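Geometric and topological summary
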Amino acid sequence: MSERTLLPAPGELPPLYPSRGFDQDPLGVMAEGHRQYGPVFRMMVDEADTVLVGTWAGLGELFVAERGRLEVLNTALVHDLFGRALFNLTGDGHAEARRRLRPALSARALPRYVPALLVVTGPVAAGWARQGVADLYLAAREVTHAMSARVLLGIHPADTDTGPFAADFGRFITATGAPPGERRFSDARYWAGRGARRRLHTLFTRRAVAARLGTDPGSALPGLVAAFEDAPKGVGPLADHLLALLIAARETTASLITWCLIELARHREYAGLAAAEAHGALADPRLLVRRDALPILRAVLAETQRLHSPNLLSVRETVCPVSLGGYRVPAGMRVAYSPSAGHLDPRVFPQPHAFRPGRFLVRQSPGARLRAFGGGAHACLGRPLAELMTLTALSCALHQGLPRLPSGPPDHIRYRPAKAPAAPVPFALDRQESAS
Ligand code: HEM
């Protein structure tokens, strides 16, 4: 079928693409939809009529139109479990909450977190090298959890809160799989999650009090507590935001770490070069937060974000009629954008399906033009921390040895909640003579 060339008539709804196989190959289905219908079209996603915006130009237009016209579409379950967390807020309350959360998560705050992250991650990577890993994604999730707990809550691996926190956090995550509507009330996972949420809030409050009195430079908590001390009610309680940060960090960062390691295992030429940088980073950890340092590792990070963007779709609802791509989208419609829109466009990235970190070595700020962290009013607040956690995990792993996939790369991939191998991928680090 030929590419769409006709302009939409004013007031027309975007065309409906009768797609099939979205769950198996969502990126392929969306690419075909855009090829046939242009930057904006409709498609059934999760059995709901959804306006899809998935090209570079379409995303720019969406983000400009967003404030006051589009709101994040969350289910009743998400509102119940997350309360007034950032992604459940709208308008001024949302903007003010972002303003208060940002400093502790910004690039400026990162140097303080580096030593703490290394203390958490170094021994984990040594264990990977010693014993191998049966399931790379599970291992990446565990190390992400430990790094997030350390930075966001000040919980060290040997802390007495580590076990109870992990258990209740696990129950809370399980509850997010309960039915999204009324049926949640008859689901045991929901009630277990509500109980876990209460206990987590108590734990957060206790740690916040301790953080205010103590001086832990390795944690964002003291800064967050100070930022929310005089906060108006509309911004929501810090405990709701902490739980949201922990959840937002979890699958996404683990996904990025996983795909970086898979690609390094498949491209030993880059792994060798990146390992040399990793040894340097562990000798001088300040390099981990210098944007002009570690060019190979940063190029691998950027190319992995491009080729393996963790998030598939972000969903909104129109609160008033909006014009997108020349179409008129009425109030009350579901609109979704794909953060990776444009990452596979051959006009922007030649040979888009190939892993070629070299394409980011010639650009000054690798990855700056990528959209893996979204954009607009709800753009990811955790990007600096997510990138630091990933670089730290990669450096610690490469310092131990070169990545290898004893059973080969994954055959099947799932795309939600974040892009990940559908089955366990065994992983090993082959020690090199130069590594200590
Ligand atoms: C590789 C890791 C990550 C990726 C790919 C990622 C991606 C994204 C994307 C695409 C969005 C926008 C969602 C939307 O438009 O509705 C988002 C929002 C958000 N992210 Fe991340 N994220 C990552 C890690 C993190 C981390 C580590 C944190 C916190 C420590 C974090 C905190 C948030 C928060 C709070 C929001 C909601 C912002 C708002 O609603 O205003 N993320 N993230």
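What counts as what
- Residues numbered from 1 in each chain as written.
- Predicted model: local features only at pLDDT ≥ 70, side-chain atom pairs only at ≥ 80, totals over all residues.
- Heavy atoms only, no water.
- Helix = DSSP H or I, 4+ residues; strand = E, 2+ residues; numbered from the N terminus.
- Rg over C-alpha atoms; globule rule 2.2 N^0.38 Å.
- Buried < 20%, exposed > 50% of the residue type's maximum accessible area, 1.4 Å probe, protein only.
- Contact = heavy atoms within 4.5 Å.
- Near = heavy atom within 4 Å.
- Polar contact = N/O pair within 3.5 Å; in protein donor to acceptor, adjacent residues only side chain to side chain.
- Nonpolar A, V, L, I, M, F, W, Y, C, P; charged D, E, K, R; others polar.
- Donors = N, O, S within 2.8 Å, 3.2 Å for Na, K, Ca; no water.
- Phe/Tyr/Trp six-rings, centres within 6.5 Å; stacked < 30°, edge-to-face > 60°.
- Core = buried A, V, L, I, M, F, W, Y, C linked by side-chain atoms within 4.5 Å.
- Axes fitted to C-alpha atoms, helices over the stretch in contact; angles between N-to-C directions.
- Parallel < 35°, antiparallel > 145°, perpendicular 65-115°, else oblique.
- UniProt positions renumbered as here; feature names shortened; annotations may be inferred.
- Pairing = 2+ DSSP bridges.

Notes on the overall build of the chain
For the chain, the helix and strand inventory stands at 13 helices and eleven strands. At 22 Å, the chain has a C-alpha radius of gyration in line with the 22 Å of a compact globule built from 436 residues. Reported as C-alpha extents along the three principal axes, the dimensions of the chain are approximately 65 × 50 × 40 Å. Put simply, the chain has 436 residues, and 53% of those count as buried. A fraction of 73% describes how many contacts in the chain between residues 6 or more apart in sequence connect residues 24 or more apart.

Side note on the site of the ligand
The ligand sits among 27 residues. The nearest are R98, R316, Y337, H378 and C380. A distance of 2.5 Å separates an oxygen atom of the ligand from a polar side-chain atom of Y337. Here an oxygen atom of the ligand and a side-chain polar atom of H378 are 2.6 Å apart. Looking at the shell around the ligand, the elements that each hand over two or more residues are helix 4 (91-105), helix 10 (238-266), strand 4 (314-318) and helix 13 (383-400). It is helix 10 that provides the largest number of residues to the shell around the ligand, a total of six residues. Each residue belonging to the shell around the ligand can be placed in one class, and the counts come to 17 nonpolar, eight polar and two charged.

Quick word on the coordination of the iron atom of the ligand
Each pair of donors in an ideal four-coordinate tetrahedral metal site encloses 109.5 degrees, whereas pairs in an ideal six-coordinate octahedral site enclose 90 or 180 degrees. One donor from the polypeptide reaches the iron atom of the ligand: C380 (SG), at 2.3 Å. With respect to the helices, strands and loops of the structure, C380 is situated in the loop between strand 7 (334-337) and helix 13.

Some remarks on the packing of aromatic side chains
With the rule as written, the count across this model stands at 13 aromatic pairs. An angle of 90 degrees between the planes, with centres 5.1 Å apart, marks the rings of F63 and Y337 as edge-to-face. Separated by 274 residues along the polypeptide, F63 in helix 2 (residues 56-66) and Y337 in strand 7 bring together distant segments of the chain. The interplanar angle of 35 degrees and the centroid separation of 6.3 Å between the aromatic rings of F185 and W191 together place this pair among those described as tilted. On the basis of relative accessibility, which here comes to 35%, the residue F185 falls in the partly exposed class.

Concerning the nonpolar core
Looking at soluble globular proteins, one finds that nonpolar side chains tend to be buried together. One finds Y113, W128, F165 and F204 to be the most contacted residues of the largest nonpolar core, which totals 101 residues. With 17 residues, the single largest contributor to this core is helix 10. With sequence-adjacent residues up to four places away left out, F204 is seen in contact with L153, F165, A239, L242, L243 and L246. Counting 16 residues, the second largest nonpolar core, distinct from the first, contains V53, L59, V322 and M333.

Details of the packing of helix 11 (residues 268-283) against helix 13
Closest axis-to-axis distance for the helix 11/helix 13 pair is 8 Å, and the angle between their directions is 105 degrees. With respect to their mutual orientation, helix 11 and helix 13 come out roughly perpendicular. Facing A271, A274, A275, A278, H279, A281 and L282 of helix 11, the residues of helix 13 in contact are S395, C396, L398 and H399. Class assignment for the residues of the contact of helix 11 with helix 13 results in eight nonpolar, three polar and no charged.

Brief notes about the UniProt feature "binding site: heme" (unreviewed entry) in the chain
Mapped onto this numbering, the UniProt entry annotates "binding site: heme" (unreviewed entry) at C380. By relative accessible area, which is 37% here, C380 ends up partly exposed.

Brief notes about the pairing of strand 1 (residues 40-45)
Residues in a regular strand point their side chains to alternate faces of the sheet. Among the six residues of strand 1, five are classified as buried, and the element is accordingly described as predominantly covered. Between strand 1 and strand 2 (residues 48-53), which pair antiparallel in sequence order, lie two residues; one of them, D46, sits at a positive phi of approximately 50 degrees.

Some details on the sheet that holds strand 1
Two pairing modes exist for strands in a sheet, parallel and antiparallel, and in both the strands are linked by backbone hydrogen bonds. Strand order in the open sheet formed by five strands is 1-2-7-4-3, and the pairing between neighbours is mixed. Bordering the open sheet on either side are strand 1 and strand 3 (70-72), each of which pairs with just one other strand. Across the sheet, the mean angle from the axis of one strand to that of its neighbour is 40 degrees, orientation sign disregarded. In this structure, strand 3 lies alongside strand 4, joined through three bridges in antiparallel fashion.

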